[in-house]
Amino acid sequence: MKIDIFDYNTNVKNTWCPGCGNFNIHMALKTALIELNRHPSDVVLSFDIGCNGNGGDKIEGFRVKGLHGRAIPFAVGAHIANRRMTVIADIGDGGCLHEGIDHLIHAIRSNYDITVLIHNNENFALTTGQITSTSDTGKRMYGFPNGKTEGDINIGELVLSLNPSFYARGFSGDPIHLAQIIKSGIKHKGFSAIEIVQVCPTYNPENSLELLKSKIEKVEESDDIEIARKRVCDDKKLYTGVIYRNSSIKDYYSKLKNRQNIKSELVDEVKNHSISNILSDFQ
Ligand SMILES: Cc1ncc(C[n+]2csc(CCOP(=O)(O)OP(=O)(O)O)c2C)c(N)n1
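Report follows, based on the coordinates. One numbering rule holds for all chains: residues counted from 1, following each sequence as written. Thresholds applied to this predicted model are a pLDDT of at least 70 for local features of residues and 80 or more for the giving and counting of side-chain atom pairs; totals over whole chains, interfaces and linings are not thresholded and use all residues.

1. Description of the site of the ligand
To be explicit about the condition: Being near a molecule or strand means, for a residue, that its backbone-placed C-beta atom lies within 6 Å of it. Numbering of helices and strands runs from the N terminus, with a helix taken as a DSSP run of H or I at least four residues long and a strand as a DSSP run of E at least two residues long. As a working rule, the residues Ala, Val, Leu, Ile, Met, Phe, Trp, Tyr, Cys and Pro are called nonpolar, Asp, Glu, Lys and Arg charged, and the rest polar, with Gly in that last group.
If you check the shell around the ligand, you find 19 residues, and the closest are Gly50, Cys51, Gly92, Gly94 and Ala125. Counting residues per element, the shell around the ligand draws most heavily on helix H4 (residues 93-99), at three residues. Tallied by class, residues from the shell around the ligand come to six nonpolar, eleven polar and two charged.

Shown next as structure tokens:
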């Protein structure tokens, strides 16, 4: 059966601000899943808290919602339980790199076969625009009238320092390219970290669509870590595409000696064990 947009759309009205990058990011995500012909019942979407997380009821699929940064461990759990599912986590820079940063780091190290979309609008948007660790040092926002004092985190630099198997960058202003990047991430066997440079016209208007567009440069996929590092550290440009892929790193399951040559999934195996005794403790 051919999957189309009506399989993924819901009737829930959007509450994002006019011009929010989330509209295009959602369209790109749906496009990627449709082009891969994945049915929503084969997809787990794990959302974080924030404007990005409010997308959780605007797309079909098995959806869960976690607190800041926890969209990643929920996604990891779903993947470990059932590798038949395509598992994607959707998360903001505030949740992923500020409040819940540890989960991203360990998921990259483990190389779980999931895809994480990091919506980088450089602020906590749902709470009306405060600085996060990805906002520029000195940036003034609500709650920080004198400007951010701490140093900032460069997502690409952080990810590349962790020996990742896949790091890509897309742009909310180019949903067609972003959809192709998300497709590459989903198809990659291992952890796919996809940073999405996202406009937030309401709370971060300085990072305007025009300014970001003028910095974007698309690049071909690379397996050269030094080139990738140079690209993510370039202040003048925002390179998009698959910035780095290392296919020689095995994904988590392939490294588990006790799971080799086993065809079933944990979600099947657990059915062979009665958990009524455990559940009775909660009744
Ligand atoms: C433990 C906790 N701290 C703070 C909040 C308030 N809070 C809700 S959404 C949010 C901002 C999320 O920012 P980000 O992850 O960047 O997503 P965005 O809204 O920008 O898409 C914050 C701080 C909360 N809900 N729970």
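Picking up after the structure, the text goes on.
2. Brief notes about the environment of Glu226
Selection rule: Here a residue counts as buried when 20 or more other C-beta atoms sit within 10 Å of its C-beta, as exposed when there are 12 or fewer, and as partly exposed otherwise, the C-beta atoms being derived from the backbone.
One can find Glu226 in helix H9 (residues 225-232). Among the residues examined, Glu226 registers 9 C-beta atoms within 10 Å and is labelled exposed. Taking the C-alpha atoms as reference points, Glu226 and Phe171, 55 residues apart in sequence, are found 22 Å from one another.

3. Details of the packing of helix H2 (residues 21-35) against helix H7 (residues 175-187)
Keep this limit in mind: Angles here are taken between N-to-C directions and fall from 0 to 180 degrees, while the axes themselves are lines fitted to C-alpha atoms, restricted in helices to the stretch in contact. When an angle is under 35 degrees it counts as roughly parallel; over 145 it counts as roughly antiparallel; between 65 and 115 it counts as roughly perpendicular; any other value is oblique. A crossing counts as left-handed when the near helix is turned anticlockwise from the far one by less than a right angle, and as right-handed when that turn is clockwise. Residues are defined as contacting one another if the C-beta atoms placed from their backbone atoms lie within 7 Å.
As a packed pair, H2 and H7 sit with axes 8 Å apart at the nearest point and diverge in direction by 50°. Our classification of the angle between H2 and H7 gives oblique. The interaxial crossing formed by H2 with H7 has right-handed handedness. Taking contact as the criterion, the partners of Asn24, Ile25, Met27, Ala28, Leu29, Thr31, Ala32 and Glu35 in H2 are, on H7, Pro175, Leu178, Ala179, Ile182, Lys183 and Ile186. Classifying every residue of the contact of H2 with H7 gives ten nonpolar, two polar and two charged.

4. Thoughts on helix H3 (residues 71-81)
Within H3, eight of the eleven residues are buried, leaving the element largely enclosed by the surrounding structure. Taken together, the buried positions of H3 are occupied by Ala71, Ile72, Phe74, Ala75, Val76, Ala78, His79 and Ile80.

5. Focus on the environment of Asn154
Its location among the elements puts Asn154 in the loop between strand E4 (115-120) and helix H6 (155-160). Along the sequence, Asn154 and Thr134 sit 20 residues apart, while their C-alpha atoms lie 6.4 Å from each other.

6. What about H2?
Which entries qualify depends on this criterion: A helix is expected to reach a length of 1.5 Å times the quantity of its residues less one.
End to end, H2 covers 21 Å across 15 residues, agreeing with the expected 21 Å (1.5 Å per residue, within 8%). Looking at the buried positions of H2, the neighbouring elements they touch are helix H1 (5-8), strand E1 (43-47), E4, H7 and strand E6 (192-197). Note on H2: the residue one or two positions beyond its end, Asn37, has a positive phi of about 55°.

7. Some points on unusual backbone geometry
With a phi angle near 55°, Asn111 is a residue other than glycine that sits in the positive phi range. Turning to its location among the elements, Asn111 is positioned in the loop between helix H5 (101-110) and E4. Although it is not a glycine, Thr128 adopts a positive phi angle of roughly 70°. With respect to the secondary-structure elements, Thr128 resides in the loop between E4 and H6.

8. Topic: the pairing of strand E8 (residues 238-245)
Our working definition: Note on pairing: DSSP must find at least two bridges between two strands before they are called paired. Note on handedness: a crossover is taken as right-handed if, strands pointing away from the viewer, the path from the first strand over the helix to the second is clockwise.
Across the eight residues that make up E8, a large majority, seven, are buried. Pairing of strand E7 (residues 216-218) with E8 involves three bridges; the strand directions are parallel. Each bridged residue has a counterpart across the sheet, and for Glu217 the counterpart in E8 is Tyr239. With H9 bridging E7 and the parallel E8, this β-α-β connection has right-handed handedness.

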